[in-house]
Amino acid sequence: MTIDKDFFAQMEARIPKGEVRTRFAPSPTGYMHVGNLRTALYTYLIARHLGGKFLLRIEDTDQERLVEGATDIIYNTLRQCGLNWDEGPDLGGPVGPYIQTERRDLYGKYAELLIERGGAYRCFCTKERLEELHKDNPTAKYDGLCATLTQAEIEEKLAAGIPYVIRQKIPREGTTTFVDATFGEITVPNDTLDDNVLIKSDGLPTYNFANVIDDHLMGITHVVRGSEYLSSSPKYNLLYEAFGWDIPTYVHCSPVMRDAQHKMSKRHGDPSYEDLIAQGYLCEAVVNYVALLGWSPGGEQEIFSLEDLVKIFDLKGISKSPAVFDIVKLKWMNAEYIKAMSPEAFYAVAEPYLKQAITNPAIDLKAVAALVQPRCEVLTDLAERVDFLDALPDYDVQMYVHKKSKTTLENSLHSLQTALPVLEALETWNNSAIFEALAGLAAAQEVKNSVMLWPVRVAVSGKMSTPGGATELCELLGKEESLNRIRKGIELLSK
C-alpha cells in the first residue's frame, strides 16, 4: 500500500502544541462508577491546575457492550460535577471527531504507516492455528510466525484474498522502560510482551491501538488511567517510539476497593455515581470524597471545593496503594456539606424529600428544613425522620422510659396530665412560649426539665429520635395537633 505522506503531515499540523492537554475517554457501556469518576476528576484537575485543556472523547468501538443512553449519563455526570470539557463530541474542536467510531478510517492508515516503519506486520494465521497454539496454554503468546514472512509471501497471500490482522512487532530482545508519575520508572523484558493485534480482520482497531493514535493526534500530554493498564504501557511506549512520537506523561491510579481484598463492582452492589446521588448524597460532597480516594493534599484539611482542588492538585499526592471506599466517611463529609449550605439552598434540595413524607399543608416545610438541616447526613434520611409530622405512628409506651431523662411510665403519665391544661391555656404558641410553660411546670414540681420534656416529645412524635426537641416539634405541629397527640399519650399510658 502506498503511504500518503501529505495526509500524515496534515494530521500532524492539526495537533495543538505548547499546552497541557488531557482527556477523559470513557466507553458508553452503562453507569459511571466511582473509579471512572475519579479518573475524570484527576484528568480535569491536571488540565485546570496547569492552565491546559480538558477533552472528552467517547470510545465506542466495542459495539457489543454499548448501552443505549450511556453517553448521556457520561455528559450529565460530568456536567453535574462541574467537570466541563473544552473539546468534545458536542462542542467540536481542532482535532475532531471526538467519537472513536467516527475516526475509524484513520486507524488502518496509521497501521500501514507502522508496518512501513517496522513496528507492525500482517498476520494471516487462521483461527484453527491460533487455537492450536493456545491449546495447552491459554495465555501463551503468539509465536511470531507471520513476522518472518517475506514480502513475496505477503503479496501472494494478499492477492489470494486471505484475511489478516495487523499485529504489533515487539522486539525479541532487550527491555522497554517507561516512566509513570505514580509508580516511577518500570522496566520489562521485551520477551515477556506479546505481539498483540492492532487491527482486527474486520478493519476495526483494538482498544490499545486506537487509544495511542487518538491520544497522539489530539495532542494529549497527560494520560490518566487505572493501574490495571500498567502492563500495557510498555507496548504503548513501543508504538510511540516506532512512530517517532513524543510519549505523554503516564499517571496510573491504584484501584478503588470495596474492602482490603475486593475491588468495587456494580455486580456486587457497590454504588455508582448515580446511585450515590439517588441515595441522598450531594454532588459536591461526592466529588470532594472521590478526590481523596488515592490522593492526599497533605495537612489535616479534608473539605475542598472543586475550585480549591484545582488550585492545590499535585501529581505527587497520588498514592500507589489502593484506596478503600468508606461509605461512613462519605456520609460524614456529606453531613458537613449539608451543614454549610444556606437555608435557602438546603430547602431547595430537601423539599422533594420532605414532600414525600409530609402531605399536611398546615406544616411549614421551610421550618421543618431548618430544624433538620444541622442533623441531616443524607437527603434520603429526611422522609423517615419527619414522617411523624404528617401522622403520629403507632408506638410502644416503653419509649416513655428513658434512663438519662429519669422518666418512667408513672411519672411520664403525670407529666402529660399536668402539662395538658397548661398547654391548653397558652395563648401564644411558639417554641419559646411552650418551653417557658413546661420548664415552669417542671420547676413547680421540683423535677428536671427532662422529666417534663421527654414525655411530651414521645407523645407528639412517637419516636425515640427526632430532628428537634419537644417544644420545637409542638410549634411545627401546631397547638391543636400537639394537644391531640398528648391526649393520645395519656390514653396509652392510662391503660
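Residues numbered from 1 in each chain as written. Predicted model: local features only at pLDDT ≥ 70, side-chain atom pairs only at ≥ 80, totals over all residues. Heavy atoms only, no water.

A. Spotlight on the sheet that holds strand β3 (residues 120–123). Taken in spatial order, the 3 strands of this open sheet run β3-β4-β7, and their pairing is antiparallel. Of all strands in the sheet, those with a lone pairing partner are β3 and β7 (197–199), marking the two edges. Geometrically, the sheet is characterised by an average inter-axis angle of 45° between neighbouring strands, direction not taken into account. In terms of strand pairing, strand β4 (residues 165–168) meets β7 through 2 bridges, oriented antiparallel. Looking at the pairing, R167 lines up with V197 of β7. (Pairing = 2+ DSSP bridges. Helix = DSSP H or I, 4+ residues; strand = E, 2+ residues; numbered from the N terminus. Axes fitted to C-alpha atoms, helices over the stretch in contact; angles between N-to-C directions.)

B. Structural detail: unusual backbone geometry. Cis geometry is found at the peptide bond from G96 to P97, where omega equals 0°. Its place among the elements puts P97 in the loop between α3 (70–80) and α4 (104–116). Of note, K406 is a non-glycine position whose phi angle comes to about 60°, a positive value. Mapped onto the fold, K406 is located in the loop between α15 (382–386) and α16 (409–424). Its relative accessible area of 51% is what places K406 among the exposed residues. (Buried < 20%, exposed > 50% of the residue type's maximum accessible area, 1.4 Å probe, protein only.)

C. Examining the pattern of salt bridges more closely. Counting across every chain of the model gives 21 salt bridges. Across the salt bridge formed by R57 and E59, the nearest N and O atoms sit 2.8 Å from each other. Judged by relative accessible area, which is 2%, E59 ranks as buried. A salt bridge links D214 to R103; the nearest nitrogen and oxygen atoms lie 2.7 Å apart. Placement of D214 in helix α7 (residues 207–217) and of R103 in the loop between α3 and α4 is noted, with a sequence separation of 111 residues between them. For D214, a relative accessible area of 0% translates into the label buried. Given a relative accessible area of 2%, R103 falls into the buried group. (Salt bridge = Lys/Arg side-chain N within 4 Å of Asp/Glu carboxyl O.)

D. Fine view of helix α19 (residues 470–477). Of all 8 residues that make up α19, 6 are buried, and the element is covered over most of its length. Elements in contact with the buried residues of α19: α14 (365–372), α17 (431–444), α18 (449–461) and α20 (479–493). (Contact = heavy atoms within 4.5 Å.)

E. Broad picture of the nonpolar core. L83 and F346 are the most contacted members of the largest nonpolar core, which has 104 residues in total. Contacts of F346, omitting those with residues within four sequence positions, involve I338, M341, A369, V372, Q373, C376, L379 and L382. Y107, L198, M218 and L230 belong to the second largest nonpolar core, which has 35 residues in total. (Core = buried A, V, L, I, M, F, W, Y, C linked by side-chain atoms within 4.5 Å.)

F. Seen up close, the packing of aromatic side chains. Overall, the coordinates contain 16 aromatic pairs when judged by the stated rule. In this structure an aromatic cluster arises from ring pairing among F7, F8, Y110, Y240, F243 and W245. One cation-aromatic arrangement involves R167 over Y142; the distance from NZ or CZ to the ring centre is 3.9 Å. (Phe/Tyr/Trp six-rings, centres within 6.5 Å; stacked < 30°, edge-to-face > 60°. Lys NZ or Arg CZ within 6 Å of the ring centre and 35° of its normal.)

G. Inspection of the packing of α7 against helix α8 (residues 233–243) at higher detail. Two elements in contact, α7 and α8, have axes separated by 10 Å at closest approach and are oriented at 50°. With respect to their mutual orientation, α7 and α8 come out oblique. Classified by chirality, the crossing of α8 by α7 is right-handed. Residues Y207, N208, F209, V212, I213, D215 and H216 of α7 form the contact with α8, whose participating residues are Y236, L239, Y240 and F243. Within the contact of α7 with α8, the residues separate by chemical class into 8 nonpolar, 2 polar and 1 charged. (Parallel < 35°, antiparallel > 145°, perpendicular 65-115°, else oblique. Left-handed = near helix turned anticlockwise from the far one by under 90°. Nonpolar A, V, L, I, M, F, W, Y, C, P; charged D, E, K, R; others polar.)

H. Spatial organisation of the pairing of strand β5 (residues 175–180). Only one face of β5 is covered, namely the one carrying T176, F178 and D180; the face carrying T175, T177 and V179 has none of its residues buried. Sheet topology note: the β5/strand β6 (residues 184–189) ladder contains 6 bridges and is antiparallel. Directly across from D180, in β6, lies its bridge partner G184.

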